[in-house]
Amino acid sequence: MEFKLNIPNTLAIGFFLFAFLTFQITEAKVHRHTLKIKSKAYTRLCNTKEILTVNRELPGPTLRAYRGDKLIVNVINNANYNITLHWHGARQIRNPWSDGPEYVTQCPIRPGQSYVYRIDLTIEEGAIWWHAHSQWARATVHGAFIVYPKRGSSYPFPTPHREFPLILGEWWKKKNIMDIPGSANKTGGEPAISDAYTINGQPGYLYPCSKPDTFTVTVVPGRRYLLRIINAVMDEELFFAIANHTLTVVAKDGLYLKQFNTTYLMITPGQSMDVLLHANQRSDRYFLAARAYSSAFGAGFDKTTTTAILQYEGVPLTDELNRNPPVLPPYNHTEATTRFTSQFRSLRPVNIPVKIDTRLLYAISVNLMNCSDDKPCTGPYGKRFSSSVNNISFVNPSIDILRAYYRRIGGIFQEDFPRNPPTEFDYTGENLPFPTRFGTKVVVLDFNSSVELVLQGTNVLASDNHPIHLHGYSFFVVGSGFGNFDRQKDPLRYNLVDPPEETTVGVPRNGWTAVRFIANNPGVWLLHCHIERHATWGMNTVFIVKDGPTKSSRMLKPPPDLPSC
Ligand SMILES: *[C@@H]1O[C@H](CO)[C@@H](O)[C@H](O)[C@H]1NC(C)=O
Ligand SMILES: *[C@@H]1O[C@H](CO)[C@@H](O)[C@H](O)[C@H]1NC(C)=O
Ligand SMILES: *[C@@H]1O[C@H](CO)[C@@H](O)[C@H](O)[C@H]1NC(C)=O
Ligand SMILES: *[C@@H]1O[C@H](CO)[C@@H](O)[C@H](O)[C@H]1NC(C)=O
Ligand SMILES: *[C@@H]1O[C@H](CO)[C@@H](O)[C@H](O)[C@H]1NC(C)=O
Ligand SMILES: *[C@@H]1O[C@H](CO)[C@@H](O)[C@H](O)[C@H]1NC(C)=O
Ligand SMILES: *[C@@H]1O[C@H](CO)[C@@H](O)[C@H](O)[C@H]1NC(C)=O
Ligand SMILES: *[C@@H]1O[C@H](CO)[C@@H](O)[C@H](O)[C@H]1NC(C)=O
Ligand SMILES: [Cu+2]
């Protein structure tokens, strides 16, 4: 909002104004929301079926707040499935009770029950998002979460004319999404591949029965727009572009980047990006489009393209859209991915941990387990899929780890998660697939320890780009490369000046990524692959960060309405 003041320059009014503005700037607002989970029938791709929705919307409602605000969200489960919600990109300082992953920080909210989540925003600014963190519910239970600059301050770029959330989603024409992981577990094979991707819930022009509902962004020639792009897809990283337009990336995961121009994005599940669009092309209608970046050799994936329309105001709404979608890199173009992600740099000076006291190396793989001889599975070689971090495939415990830790209930998890791969091997070489061990194991970190975590991709079954998300923190991505991480040489090439701060990082196919963070947020925090099939197979692990020495560095108490198992 713009306003002009024209007042006599008296001391009294000046003081009044000063006090008023100071009050405006420092006041953190509390926003209250109610989110109701319910089944609803939706028609897409010429077929009607029931899906889980939030407040009967797909995508769910957009939450909006200013930096530093608080949100109190009452989640009412009127569906027939267990539900939890996660506030993806919000740090939840000292408050893991509101973080959401089922059996990690809470028991699920059962049908007919409710739970109040509390989110205290701190350094988050830009687009983050929220989604279900129970079974496969997040396919349709998700929405944007936009954090504006603190009241009285502005964006680090000229204020855009308008903003649009663009939520990239995934659609299965006939399958009940909630049945997918169970069916896959029965056969041991791949979970069902989707039939479409969507932009704000709509597949778009290139799919049957979808033209009239295609999502449209209307722009005024010459104006600038802020796109809040969120990848809520379950199983694929995506390339995204707008025909004939250059995009300016300004933030990722709710943290500002140094601006850069690009003709396409590569956005992984879990990531959010703030992107400026200048409507500076000939007045016309253009396609926005997204399709897969799928680097795993031999893995099946949805090869379709979702589109939306960028409509310049005043251009007639014609139906025949005899234009081509924007040029997107080929599906397997790892080079295009690297070219894009290597441009991420923090905008503001950053305080990167330099003295490291805790070094961790986590190898991430997709694995194969034996099935019985008389009943082979439908995965490769008659085996069943599994996946792991340091050769441990995560198993959900019977009650949440947070409660077990807080109340000292034994037998729920073990503290011996390996800090290095139990067997060293040529991670990115030719490897025969091997099995893993199942377990609920954690690494316990001392409060304030300075952690370097190297995520090492492997070529065990098929190497792939894995988007790894850490709850409760953001981390600095100090280095990344192909091949095996070299403890001597690679750190010499780290960026310790302006590395990007992120919450979900794509670990390159057949490569590694090094991240650093200070373990100053006590709690129980999940680290996992945001490709849902990999997480379902076990590519998850947990950090427990101990309390600090002072009252303000200890975990909060559990809320009275915490669901029980
Ligand atoms: C998957 O199937 C196995 C049997 O092959 C069973 O032990 C396990 O509990 C199942 N997991 C889930 C999450 O249903
Ligand atoms: C968009 O770009 C294509 C390819 O460069 C070009 O042929 C076309 O004329 C452009 N469209 C408009 C409306 O400028
Ligand atoms: C991006 O492109 C615009 C228009 O060509 C230019 O004005 C701007 O300086 C570029 N920004 C960067 C960060 O390169
Ligand atoms: C990508 O796929 C094409 C077509 O299948 C293949 O020719 C090419 O070698 C692949 N490129 C990479 C980098 O894997
Ligand atoms: C898995 O099956 C293979 C081939 O049948 C067999 O050689 C191997 O011993 C089995 N491994 C385990 C752990 O049972
Ligand atoms: C992983 O664990 C399984 C099961 O214990 C074992 O057979 C396999 O050799 C291990 N692989 C590595 C690389 O540690
Ligand atoms: C954590 O470390 C920081 C930086 O070294 C220090 O300023 C702070 O006092 C420490 N906090 C506690 C509670 O020890
Ligand atoms: C829902 O959660 C409760 C509590 O953990 C559990 O006992 C029950 O099996 C879950 N139901 C389903 C369908 O997963
Ligand atoms: Cu993965």
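Rules used in this analysis
- Residues numbered from 1 in each chain as written.
- Chains lettered and ligands numbered in written order.
- Predicted model: local features only at pLDDT ≥ 70, side-chain atom pairs only at ≥ 80, totals over all residues.
- Heavy atoms only, no water.
- UniProt positions renumbered as here; feature names shortened; annotations may be inferred.
- Core = buried A, V, L, I, M, F, W, Y, C linked by side-chain atoms within 4.5 Å.
- Buried < 20%, exposed > 50% of the residue type's maximum accessible area, 1.4 Å probe, protein only.
- Helix = DSSP H or I, 4+ residues; strand = E, 2+ residues; numbered from the N terminus.
- Domains from an automatic or database assignment.
- Contact = heavy atoms within 4.5 Å.
- 1 Å grid on protein atoms, 1.4 Å probe; cavity = no way out; pocket = protein on both sides within 12 Å on 5 of 7 lines; lining within 4 Å.
- Points joined across faces, edges and corners; volume = space filled by probe spheres on them.
- Nonpolar A, V, L, I, M, F, W, Y, C, P; charged D, E, K, R; others polar.
- Donors = N, O, S within 2.8 Å, 3.2 Å for Na, K, Ca; no water.
- Near = heavy atom within 4 Å.
- Polar contact = N/O pair within 3.5 Å; in protein donor to acceptor, adjacent residues only side chain to side chain.
- Areas by Shrake-Rupley, 256 points an atom, 1.4 Å probe, with all protein chains shown as cover.
- Pairing = 2+ DSSP bridges.
- Axes fitted to C-alpha atoms, helices over the stretch in contact; angles between N-to-C directions.
- Salt bridge = Lys/Arg side-chain N within 4 Å of Asp/Glu carboxyl O.

- Where an unreviewed UniProt entry is consulted, the chain appears under the name Laccase, with the organism given as Arabis nemorensis.
- The UniProt entry for the chain carries the following text under Catalytic activity (unreviewed entry): "4 hydroquinone + O2 = 4 benzosemiquinone + 2 H2O".
- Entered under Subcellular location (unreviewed entry) in the UniProt record, the comment concerning the chain runs "Secreted, Extracellular space, Apoplast".

**Description of the nonpolar core**
For soluble globular proteins, the rule of thumb is that nonpolar side chains tend to be buried together.
Move 1: Membership of the largest hydrophobic core comes to 51 residues, with the highest contact counts inside it found for Leu168, Ile229, Phe240, Leu265, Leu310 and Phe340.
Move 2: Here the element with the most residues in this core is strand 18 (residues 285-293); it accounts for 6 residues.
Move 3: Each of two domains, domain 1 (1-153) and domain 2 (163-341), supplies a minimum of three residues to this core.
Move 4: Not counting the four nearest positions on each side in its chain, leucine 168 is found in contact with Thr198, Ile199, Ile229, Ile230, Asn231, Ala232, Val233, Leu238, Phe240, Ile267 and Ala290.

**Some words on empty space enclosed by the protein**
Move 1: One pass over the structure, following the stated rule, counts 4 cavities of 30 Å³ or more.
Move 2: Volume-wise, the largest cavity comes out at about 70 Å³.
Move 3: For the largest cavity, the lining is made up of 13 residues, of which Leu58, His142, Gly169, Thr198 and Gly201 are closest to its centre.
Move 4: The dominant element in the lining of the largest cavity, judged by the number of residues it contributes, is strand 9 (residues 162-171), at 5 residues.
Move 5: Partitioning the lining of the largest cavity into residue classes produces 6 nonpolar, 6 polar and 1 charged.
Move 6: Mapping the lining of the largest cavity onto the domain boundaries places at least three of its residues in each of domain 1 (1-153) and domain 2 (163-341).

**Considerations on the coordination of the copper ion (ligand 9)**
Move 1: Protein coordination at the copper ion (ligand 9) comes from His466 (ND1), Cys529 (SG) and His534 (ND1), with a distance range of 2.0 to 2.1 Å.
Move 2: Of note, the donors binding the copper ion (ligand 9) are all from one chain and are spaced H-x62-C-x4-H. With histidine 466 in strand 26 (residues 466-470) and histidine 534 in helix 5 (residues 532-537), the pair connects residues that are 68 residues apart, well separated along the chain.
Move 3: Take histidine 466: its relative accessible area is 2%, and that puts it in the buried class.
Move 4: The buried category is assigned to histidine 534, whose relative accessible area is 4%.

**Observations regarding the site of ligand 7**
Move 1: The full set of residues close to ligand 7 is Phe447, Asn448 and Pro549.
Move 2: Contacts to ligand 7 include asparagine 448, whose side-chain N or O atom sits 2.3 Å from an oxygen atom.
Move 3: Contact with the protein chains hides 31% of the accessible area of ligand 7, taken as 360 Å² for the molecule alone.

**Details of the sheet that holds strand 19 (residues 306-312)**
Move 1: Read from one edge of the open sheet, 5 strands run 11-19-18-13-16, paired in mixed fashion. This sheet does not close on itself; its edge strands, each paired only once, are strand 11 (216-219) and strand 16 (265-267). For this sheet, the mean inter-axis angle between neighbouring strands, taken without regard to orientation, is 25°.
Move 2: Direction of pairing for strand 13 (residues 237-242) relative to strand 18: antiparallel, over a ladder of 6 bridges. The residue bridging phenylalanine 239 from the neighbouring strand is arginine 291, located in strand 18.

**What about the domain arrangement of the chain?**
Move 1: Entries for the chain in the domain assignment read domain 1 (1-153), domain 2 (163-341) and domain 3 (358-553).
Move 2: Each of domain 2 and domain 3 has a C-alpha centre, and the two are 28 Å apart.
Move 3: The partner domain 3 presents 29 residues to the 29 residues of domain 2 that form the contact.
Move 4: On inspection of domain 2 and its partner domain 3, the count reaches 4 salt bridges.
Move 5: Residues arginine 533 and aspartate 235 are paired through a salt bridge, measuring 3.5 Å at the closest nitrogen-oxygen approach.
Move 6: Across the domain 2-domain 3 interface, the total number found is 17 residue pairs in polar contact (both at pLDDT 80 or more).

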